[in-house]
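Architecture at a glance
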Amino acid sequence: MTEKKILTPEELKHRRNKIGNIIFISFIIVRFFFIEHFMVPSSSMTPTLITGDIILIKKYAYAWSRLSIPFGGFLPVAKQGIKLGKPKHGDVAGFIMTREPSKYYVKRIVAVAGDYVQMKDGILHVNKEPCKMEFIRDFKFRNDAGEWETGQEYKVTMPESTVSSFKSSCKIPKSYTVYRNQPFGLGHIDNTLEFKVPEGYVWMQGDFHTGSSDSFNTHFMGPISVNELVGKPFFVLYSTNSRLASEPSWIKWFIQLPWRILVALKDTNFKRICIKAN
């Protein structure tokens, strides 16, 4: 029977440091290259994602580029990025616009390169085919100002022509849920020109069809380059209804800590914790 070796204090310290270094390096690798988190800043993706959702994003879904990973500008192929996956119709995607590198956005990809896209009387058309809209229910939610709004929730089914962007085994067009708080035809982007998505770009739209500023707002956003996609949301880690003001100094923050804990518990949206984000 062999005796267990008793480690000296120095050996125990060395082992703890080694484990700590492995954990730290693993965290950095995962954080830089595989998973990102951020808080949804607005209601433009209601009801799929709402203001205050903290979501996790798969950074390896589309590409590693100068916008999606730290020091990405030093990549040998920084301009094109390292392609890892293909954007598909109906994907919810996080992205950063080159002119605003500090700001995250999240919208749904409704058209890819070569597609024709248009809104007619509040109905999304892809390649001249209308998406099917089915009424689900009246829907109530809190807007960005903290006020309650009532509108309608619809199930959208994309046209058959979009099936080609999925794996060959999938023959069913993508379906998802959208929200409207105005009659069809009266929304700010309910009637638009027809646009063709350029090569290397995708067309983004928020699920809150009458309250989203997206690719149909060509003066603000327009089509988004695939190199600006930072990943695909897959999980709501936490959700809060809190409307706290900007952060005070650390001294005030520490003094307010008990109150902040109570506010966090009170404003936590427990129904949305640990749900799918797409």
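Everything in this summary refers to the structure shown in the same document. Only a predicted model underlies this, so the values are computations on that prediction, with no experimental measurement involved. (Residues numbered from 1 in each chain as written. Predicted model: local features only at pLDDT ≥ 70, side-chain atom pairs only at ≥ 80, totals over all residues. Heavy atoms only, no water.)

1. Some details on the sheet that holds strand S12 (residues 175–180)
In spatial order, the strands read S10-S11-S12; together these 3 strands make up an open sheet with antiparallel pairing. Every other strand in the sheet has two partners, leaving strand S10 (132–142) and S12 as the edge strands with one partner each. Strand-to-strand, the axes of this sheet are offset by a mean angle of 25°, without reference to chain direction. Of the strand pairs in this sheet, strand S11 (residues 148–157) and S12 are connected by 6 bridges, and their pairing is antiparallel. Each residue of the ladder has a partner; that of Tyr-154, found in S12, is Val-178. (Pairing = 2+ DSSP bridges. Helix = DSSP H or I, 4+ residues; strand = E, 2+ residues; numbered from the N terminus. Axes fitted to C-alpha atoms, helices over the stretch in contact; angles between N-to-C directions.)

2. Points about the nonpolar core
Most often, soluble globular proteins keep nonpolar side chains buried together rather than apart. Formed by 19 residues in total, the largest nonpolar core has its most connected members in Val-110, Val-117, Leu-124, Tyr-176, Trp-203 and Phe-216. Contributions of two or more residues to this core are made by strand S6 (105–112), strand S7 (116–120), strand S8 (123–126), S11 and S12. When residues of this core are assigned to their parent elements, the largest contribution, 3 residues, is made by S8. If sequence neighbours within four positions are ignored, Trp-203 has contacts with Arg-108, Ile-109, Val-110, Ala-111, Val-117, Phe-195, Val-197, Ser-215, Phe-216, Thr-218 and Pro-223. Grouped together as the second largest cluster of nonpolar side chains are 14 residues, Tyr-62, Ile-109, Met-204 and Met-221 included. (Core = buried A, V, L, I, M, F, W, Y, C linked by side-chain atoms within 4.5 Å. Buried < 20%, exposed > 50% of the residue type's maximum accessible area, 1.4 Å probe, protein only. Contact = heavy atoms within 4.5 Å.)

3. A word on the environment of Ile-109
With respect to the element layout, Ile-109 can be found in strand S6. With 106 residues separating them in the primary sequence, Ile-109 and Ser-215 have C-alpha atoms 9.8 Å apart. In contact with Ile-109, other than residues within four places in its own chain, are Tyr-62, Pro-87, Lys-88, His-89, Gly-90, Asp-91, Ala-93, Val-202, Trp-203 and Met-204.

4. Overview of the pattern of salt bridges
Should the charged atoms of two oppositely charged side chains come close, the side chains can pair. Going through the model one piece at a time under the given rule, you end up with 8 salt bridges. Its salt-bridge partner being Lys-59, residue Glu-36 comes within 2.9 Å of it at the nearest N-O pair. Of the two residues, Glu-36 is situated in strand S1 (residues 35–39) and Lys-59 in the loop between strand S2 (53–58) and strand S3 (63–64); the sequence distance between them amounts to 23 residues. By relative accessible area, Glu-36 is classed as buried at 7%. Note that Arg-137 and Glu-153 form a salt bridge whose closest N and O atoms lie 3.2 Å from each other. Here Arg-137 is found in strand S10, whereas its partner Glu-153 is found in strand S11, with 16 residues between them in sequence. Overlapping salt bridges, with partners in common, bring together Arg-31, Glu-36 and Lys-59 in one network. (Salt bridge = Lys/Arg side-chain N within 4 Å of Asp/Glu carboxyl O.)

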